[in-house]
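Structure assessment
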Amino acid sequence: MEKPIVNGSHCHNQLWFIIRASFVFCLVLLCLDYSVLSGVKNGVFPLVSQSFSGSQKTHNATQLAAIDEISVPNPISNDAHRDFPFRENNYNITLANVTDPCSGKYIYVHRLPTRFNNGVLRDCRNLIKWFNMCPSLMNSGFGPKVVKPQGVLSRKNWFETNQFMLELIFHQRIKQYKCLTNDSSMASAVYVPFYAGLDVGRYLWGYNTSVRDSAAYGVADWLRKQHEWNRMFGQDHFFVAGRIAWDFRRQTNNESEWGSKLMNLPEFMNITMLSIESSSWSNEFAIPYPTYFHPLRNINVVHWQKRTRTRKRRYLFCFAGAPRPTMKGSIRGEIINQCLSAPNRTCKFLDCKAEGNKCDTPVEVIKVFRDCNFCLQPPGDSYTRRSTFDSIISGCIPVFFHPYSAYAQYIWYFPKNYTKYSVYIPQNDIKNGNVSINRVLSRFSEHRISEMRKEVVKLIPKVIYANPKSRFERFEDAIDIALKKVTERVNRVGEVMKEGKDPRVDFAAGNQWKLKLAGIVGDQALETLF
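Residues numbered from 1 in each chain as written. Predicted model: local features only at pLDDT ≥ 70, side-chain atom pairs only at ≥ 80, totals over all residues. Heavy atoms only, no water.

1. Comments concerning the overall build of the protein chain
Broken down by element type, the protein chain carries 18 helices and 10 strands. Per-residue burial over the protein chain gives 54% buried out of 530 residues. A separation threshold of at least 6 residues defines the contact pool for the protein chain, and within that pool the share at least 24 residues apart is 75%. When the accessible surface of the protein chain is split by element, carbon and sulfur atoms take 53% of a total near 26000 Å². (Helix = DSSP H or I, 4+ residues; strand = E, 2+ residues; numbered from the N terminus. Buried < 20%, exposed > 50% of the residue type's maximum accessible area, 1.4 Å probe, protein only. Contact = heavy atoms within 4.5 Å. Areas by Shrake-Rupley, 256 points an atom, 1.4 Å probe, with all protein chains shown as cover.)

2. Thoughts on the confidence of the model for the protein chain
In this model, the protein chain carries a mean pLDDT of 84, and residues with pLDDT of at least 70 account for 79%. Segment residues 1-12 is flagged for pLDDT under 50; beyond a separation of four residues in sequence, or across chains, it makes one contact in the model. Contacts for the low-pLDDT stretch residues 28-97, under 50 throughout, to residues beyond four places or in other chains number 98 contacts. (pLDDT = per-residue confidence, 0-100.)

3. Here's the deal with the pattern of salt bridges
Applying the stated criterion across every chain, the model contains 21 salt bridges. With its nearest N and O atoms 2.9 Å apart, the salt bridge here joins Asp 381 to Arg 324. Here Asp 381, found in the loop between strand 8 (372-377) and helix 13 (387-393), pairs with Arg 324, found in the loop between strand 6 (315-321) and helix 11 (332-341); they are 57 residues apart in sequence, far enough to count as distant. One salt bridge connects Glu 455 with Lys 458, and the closest N-O pair in it is separated by 3.5 Å. (Salt bridge = Lys/Arg side-chain N within 4 Å of Asp/Glu carboxyl O.)

4. Comments concerning the side chain of Glu 284
Along the polypeptide, Glu 284 turns up in strand 5 (residues 284-286). Looking at Glu 284, its side chain comes within polar contact range of the side chain of Arg 249, at 2.7 Å. Non-local contacts of Glu 284, meaning those with residues more than four positions away in its chain, are made with Ala 245, Arg 249, Met 263, Met 273, Ser 278, Ser 279 and Lys 516. (Polar contact = N/O pair within 3.5 Å; in protein donor to acceptor, adjacent residues only side chain to side chain.)

5. Some points on the environment of Pro 113
Along the polypeptide, Pro 113 turns up in the loop between strand 1 (107-109) and helix 4 (118-121). Residue classification places Pro 113 among the partly exposed residues on the basis of a relative accessible area of 21%. Along the sequence, Pro 113 and Phe 194 sit 81 residues apart, while their C-alpha atoms lie 9.4 Å from each other.

6. Section: the packing of helix 6 (residues 166-174) against helix 17 (residues 478-498)
Contact pair helix 6 / helix 17: the axes reach a minimum separation of 11 Å and the direction vectors enclose 75°. Comparing their axes, helix 17 and helix 6 come out roughly perpendicular. Of the residues in helix 17, those touching helix 6 at Ile 169, Phe 170, Arg 173 and Ile 174 are Ile 479, Asp 480, Ala 482 and Leu 483. Of the residues belonging to the contact of helix 6 with helix 17, the class tally is six nonpolar, no polar and two charged. (Axes fitted to C-alpha atoms, helices over the stretch in contact; angles between N-to-C directions. Parallel < 35°, antiparallel > 145°, perpendicular 65-115°, else oblique. Nonpolar A, V, L, I, M, F, W, Y, C, P; charged D, E, K, R; others polar.)

7. Comments concerning the pairing of strand 6
The buried count for strand 6 comes to seven of seven residues, which makes it a mostly enclosed element. Bridge count for strand 6 against strand 7 (residues 347-351) is five bridges, and the pairing is parallel. By the bridge assignment for strand 7, Phe 317 is matched with Cys 347. In terms of handedness, the path from strand 6 via helix 11 over to strand 7 forms a crossover that is right-handed. (Pairing = 2+ DSSP bridges. Right-handed = clockwise from strand over helix to strand, strands pointing away.)

8. What to know about the sheet that holds strand 8
Spatially, five strands are ordered 7-6-8-9-10 in an open sheet, and the strand pairing comes out parallel. Both edges of this open sheet fall to strand 7 and strand 10 (423-424), since each of them pairs with a single strand only. The strands that helix 16 (residues 446-463) touches are strand 8, strand 9 (397-400) and strand 10; relative to strand 9, the one it contacts most, it runs at about 95°.

9. A few points about the packing of aromatic side chains
Scanning the model with the defined rule gives 27 aromatic pairs in all. The interplanar angle of 40° and the centroid separation of 4.5 Å between the aromatic rings of Tyr 407 and Tyr 418 together place this pair among those described as tilted. On the criterion of sequence distance, the pair formed by Tyr 407 in the loop between strand 9 and strand 10 and Tyr 418 in the loop between strand 9 and strand 10 is long-range, its members being 11 residues apart. For Tyr 407, a relative accessible area of 0% puts it in the buried group. Taking the centre distance of 6.1 Å and the plane angle of 65° together, the rings of Tyr 407 and Tyr 424 count as edge-to-face. Taken together, the residues span a long stretch of sequence, with Tyr 407 in the loop between strand 9 and strand 10 and Tyr 424 in strand 10 at a distance of 17 residues. For Tyr 424, a relative accessible area of 17% puts it in the buried group. The structure contains a cluster of three or more aromatic residues connected by ring pairs, namely Tyr 289, Phe 389, Tyr 410, Phe 414 and Tyr 421. (Phe/Tyr/Trp six-rings, centres within 6.5 Å; stacked < 30°, edge-to-face > 60°.)

Written as structure tokens, this is what we have:
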């Protein structure tokens, strides 16, 4: 039996259905294509924008993870970067969503072999020859909590912090940095978590140069083998040292010469060093010594600022320290003599050489500084002192005797006009017996002292290292400022490369003291410091 002939009208209906469906499908495709094109016209590349929003959520979710366990998805894959038309000359130029708060601020953390950081801490009993440093490793490097504030300190946020713990403190805090990335091609700066100071501190006495330099050569060799190194040959890299720069600037292989030669290695000449005291080299920047105060919240800072600003002070000036009789040119002996011979209630002296040394006890140090208008800060074993920052958090106006003790050092932290927050007395005037400290400081009126103290109190948030669990919305602490300045520095180097210039020029130049001073005090004030 033959099949029946299909009805003509039925065929007509099927044809119209196919035509309509095809039209709808084409319309959908056209709309999708237009949305992509319009996004590009408006300067937004949709795939980049979506990746940023996803990575930002992941950053927030992983901020408390250990550095070795950070798992942040790549905001843009390496393949995407290679295909992206705006990437030039092997350094990072990307078209990113202008709303990305981390644009130009991303930091990549190198995963160094543990022997260069955490492995060093296993030798905590021998980190410094004369002390057991193991307790200092507690609480992210802050040390033991102060359990008896004795009405001198606030009840929380105070620790017995060792001044050499900066490397560990910084490493722990950077885990909280909101712009970390696991995609090094996205990073403006690369952090090298090398505990250089804690490492060399074990070998400064009684060890030959090859032992002192072993880790330095090891890190340099490791860095050269990483693909991140080839982007800018280390000029986008930085590390933190918890000792003074002089400890890393040995010039020769003479066994009697001090320190390691870390900063004289070719690789580290291309790296920025942040340390508690810099030298005259232009790739070194000083950041504050760790103090005892590590607040968790904004309100803790505000309350302490108010307390220090309104404190009634019994002494005109004070000094906490010990003499340096074997150091040629030291003015400490003369300063101590002037303090002890000053009229009653004029000067308070805290002897750091006396039996039962109180100078490493937070309560005792702050108790003295909170009762003084001015705190004397002469050079000691080096130009700078941790005491400078202890005095600032106490609201005590620092008195400097050498321009390299502060003005050429903490250029990211202290006001350009140094007379607003400090007093400068040339050390030669003290050495030659030409100046009475008591007479100089007595000339300041109560009103002037009050104004200067306000400036000192304003500095407190900038020179403290906040608790790693903190979330400061109102203030930037010492690490916030350091990371901002480092990324700005690296971005400027990138601009120099973009212009086709050699970024190595002046990147690591020596004899830059006067240039550093001019940057903080200005050309006119510079003349008064020498």
